[in-house]
Amino acid sequence: MGTTERTTEHAAPATGTPPRDGTGADTNRSIRRAGVVAGIALLLMAPLAGYVNFAALEALVVPGDPAGTAAGIAASEGLFRFGVFGLYVVIVLDVIVAAALYRVFSPVSERVSLLAAVLRIAFTAAFLVAISELVSVPRLLDEQYLAILGADQAHAQALLRIDAFGDAWDAALILCGLHLMVVGYLAYRSDFVSSGPVTRVLGVLLVVAGVGYVADSLAAVLSGGSAFEVTTVTFLGELLLAFWLVIRGPRLAVREHPRAR
């Protein structure tokens, strides 16, 4: 009787259900949720960043003309402030993408996925510093500062802050490019069930997109930029990643083998 009780006490349950050890169905559900979240965040980020950059900021700035820039911002101060707010929203979306992509690709390599996340967070921090240059621009153009500094000086400082934002953003995009290269490597090495060659093609395109960001950023930092930006033709990988995550995300599943470290 005592032997039977001890045997029953220590025996594994005969239900056929695998233990909840971080693999299997629980992991797949977590990866699927993270994939969809990352895809949606990327799709929201792209049009928001484009609108903010071109319609709310660049449209109000007259390169090399402090007075013209000041007049444009003064006439549309609400739009300018909305643009700065939109950039903060982009930062929040970037953090979400960093965390979600880490979860999606951690079964491929936890350490490399962490590197990708750190690079994106570092880009976000640098971008936050760049945005801080814009926050004080409307204040420089109000009547109090115009009276203290004089119109010419205040206008010149406002344009310098805007130019500093652009320079800092260009430098920060190097980190974003490195992030995309690492994510491209992870996508190429991934072994999701039923993904076929799609993730390999996606991985190559992401590496190309990352190289484009780095090339354009280095050109802007080292030589003031060029008439042609490489990212106008290499952005496809980043866009396809967003659509792939939204479309394939709900069906992502990892294969049953130990993950790389």
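Since this is a predicted model, take the numbers as computed values, not measurements.

UniProt's feature table lists "transmembrane region" (unreviewed entry) at residues 36-62, 82-105, 112-131, 168-188, 200-221 and 227-247, given in the numbering used throughout. The distance separating the terminal C-alpha atoms of residues 82-105 is 34 Å; by composition the span is 100% helix and 0% strand. As annotated, residues 200-221 has a helix share of 100% and a strand share of 0%, and its two end C-alpha atoms lie 32 Å apart.

Another aspect to go through is the packing of helix H4 (residues 77-105) against helix H5 (residues 110-135). At a minimum axis separation of 8 Å, H4 and H5 run at an interaxial angle of 175°. By the angle between their axes, H4 is roughly antiparallel relative to H5. Of the residues contributing to the contact of H4 with H5, the split by class is 20 nonpolar, 2 polar and 3 charged.

Here the focus is helix H9 (residues 198-223). The end-to-end C-alpha separation of H9 is 37 Å, in line with the 38 Å expected for 26 residues at 1.5 Å each. For H9, the complete set of buried residues consists of Thr 199, Leu 202, Gly 203, Leu 206, Ala 209, Gly 210, Gly 212, Tyr 213, Val 214, Asp 216, Ser 217 and Ala 220. Where H9 is buried, its residues contact helix H8 (151-189), helix H10 (231-234) and helix H11 (236-248).

Before going further, it helps to spend a moment on the pattern of salt bridges. A full pass over the atoms with the stated rule returns 3 salt bridges. Residue Asp 26 is joined to Arg 29 by a salt bridge in which the shortest nitrogen-to-oxygen separation is 2.4 Å. Here the residue Asp 26 and the residue Arg 29 both occupy positions in helix H2 (residues 25-57), the gap between them amounting to 3 residues, near one helical turn. For Arg 29, a relative accessible area of 39% corresponds to the partly exposed category.

Cut-off values and rules
- Residues numbered from 1 in each chain as written.
- Predicted model: local features only at pLDDT ≥ 70, side-chain atom pairs only at ≥ 80, totals over all residues.
- Heavy atoms only, no water.
- UniProt positions renumbered as here; feature names shortened; annotations may be inferred.
- Helix = DSSP H or I, 4+ residues; strand = E, 2+ residues; numbered from the N terminus.
- Axes fitted to C-alpha atoms, helices over the stretch in contact; angles between N-to-C directions.
- Parallel < 35°, antiparallel > 145°, perpendicular 65-115°, else oblique.
- Nonpolar A, V, L, I, M, F, W, Y, C, P; charged D, E, K, R; others polar.
- Expected span 1.5 Å × (residues − 1).
- Buried < 20%, exposed > 50% of the residue type's maximum accessible area, 1.4 Å probe, protein only.
- Contact = heavy atoms within 4.5 Å.
- Salt bridge = Lys/Arg side-chain N within 4 Å of Asp/Glu carboxyl O.

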